[in-house]
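Topology and contacts: notes
Next come the chains, spelled out residue by residue.
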Amino acid sequence: LRTPAKQKTPAQLEREAAEQRVRDQAMDEVEGAGQLLGIDAKWWGNVGRFFNHSCRPNMEKQSVFVDSQDIRVPHMALFTNQDVPAGTELVYIYGYVKGSVEGKEMICRCGEPDCVGRMY
């Protein structure tokens, strides 16, 4: 006998949608390079280093080629994906993949109702 599948609650559906957004925005493998490209502004960077992560972003990342057409070293541009009122924090999905940093876990503290709980 097969038991009927449980219907998902709206909260479960929203959480799954949030997790899918994170996966969709995750850093893609650079074609031909065989490795992931990471960005870390811990020691230096521009104003972009002050943008935070959120599971409900108001910005999207886009690779932009300025100094060369080498797909391994794009610049990262951020664009809003909605009208953003003055004074609103600008946030985007960092693109970490859960389980990608072996032996470590970073809890997400974005505070969104559909937060996926951790960044990696």
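Residues numbered from 1 in each chain as written. Predicted model: local features only at pLDDT ≥ 70, side-chain atom pairs only at ≥ 80, totals over all residues. Heavy atoms only, no water.

**Here's the deal with the nonpolar core**
Our working definition: To form a nonpolar core, buried Ala, Val, Leu, Ile, Met, Phe, Trp, Tyr and Cys residues must be joined to one another through side-chain atoms within 4.5 Å. Relative accessible area decides the class of each residue, using a 1.4 Å probe on protein chains only: under 20% of the type maximum gives buried, over 50% gives exposed, and in between gives partly exposed. In what follows, residue pairs with any heavy atoms lying within 4.5 Å of each other are defined as contacts.
Counting 7 residues, the largest nonpolar core consists of A18, C55, C108, C115, V116, M119 and Y120. In contact with C108, not counting residues within four places along its chain, are H53, C55, C115, G117, R118 and M119.

**Topic: the packing of aromatic side chains**
The geometry of two aromatic rings is summed up by the distance between their centres and the angle between their planes. In plain terms, the rule: Think of it this way: a Phe, Tyr or Trp ring, Trp meaning its six-membered ring, pairs with another when their centres are within 6.5 Å, and the plane angle makes it stacked under 30 degrees, edge-to-face over 60, tilted otherwise.
Counted by the stated rule, this structure contains 3 aromatic pairs. Centroid distance Y94 to Y96: 6.0 Å. Interplanar angle 80 degrees. Geometry classified as edge-to-face. Among the residues examined, Y94 registers a relative accessible area of 24% and is labelled partly exposed. For Y96, a relative accessible area of 29% puts it in the partly exposed group. Among the aromatic residues, those joined into a cluster by ring pairs are Y92, Y94, Y96 and Y120.

**Regarding the confidence of the model for the chain**
Caution is warranted with low-pLDDT regions, since their predicted coordinates should not be read in detail. Note the following rule: Confidence scores here are pLDDT values: one per residue, from the predictor, ranging 0 to 100. Strands are runs of DSSP state E lasting at least two residues, helices are runs of H or I lasting at least four, and both sets are numbered from the N terminus onward.
Scored by pLDDT, the chain has a mean of 80; 78% of the residues are at 70 or more. Per-element confidence in the chain ranges from a low mean pLDDT of 72 for helix α1 (residues 10-25) to a high of 94 for strand β4 (residues 91-92). Every residue in residues 26-33 is under pLDDT 50, and counting partners more than four places away or in other chains gives 17 contacts.

**Remarks on the pattern of salt bridges**
Proximity of charged atoms lets side chains of opposite charge pair with each other. Using the following cut-off: One speaks of a salt bridge when a side-chain nitrogen belonging to Lys or Arg is within 4 Å of a carboxyl oxygen belonging to Asp or Glu.
All chains considered together, the criterion is met by 3 salt bridges. Note that E14 is salt-bridged to R56, the shortest N-O span being 3.3 Å. Placement of the pair is E14 in helix α1 and R56 in the loop between β1 (52-53) and β2 (59-64), with a sequence separation of 42 residues. Exposure remark for R56: the relative accessible area of 39% places this residue in the partly exposed category. Two residues, E105 and R118, come together in a salt bridge whose shortest N-O distance is 3.3 Å. Residue E105 is found in the segment after β4, and its partner R118 is found in the segment after β4; the two are separated by 13 residues along the sequence. Beyond isolated ion pairs, a larger network of salt bridges with shared partners links E14, R56 and D114.

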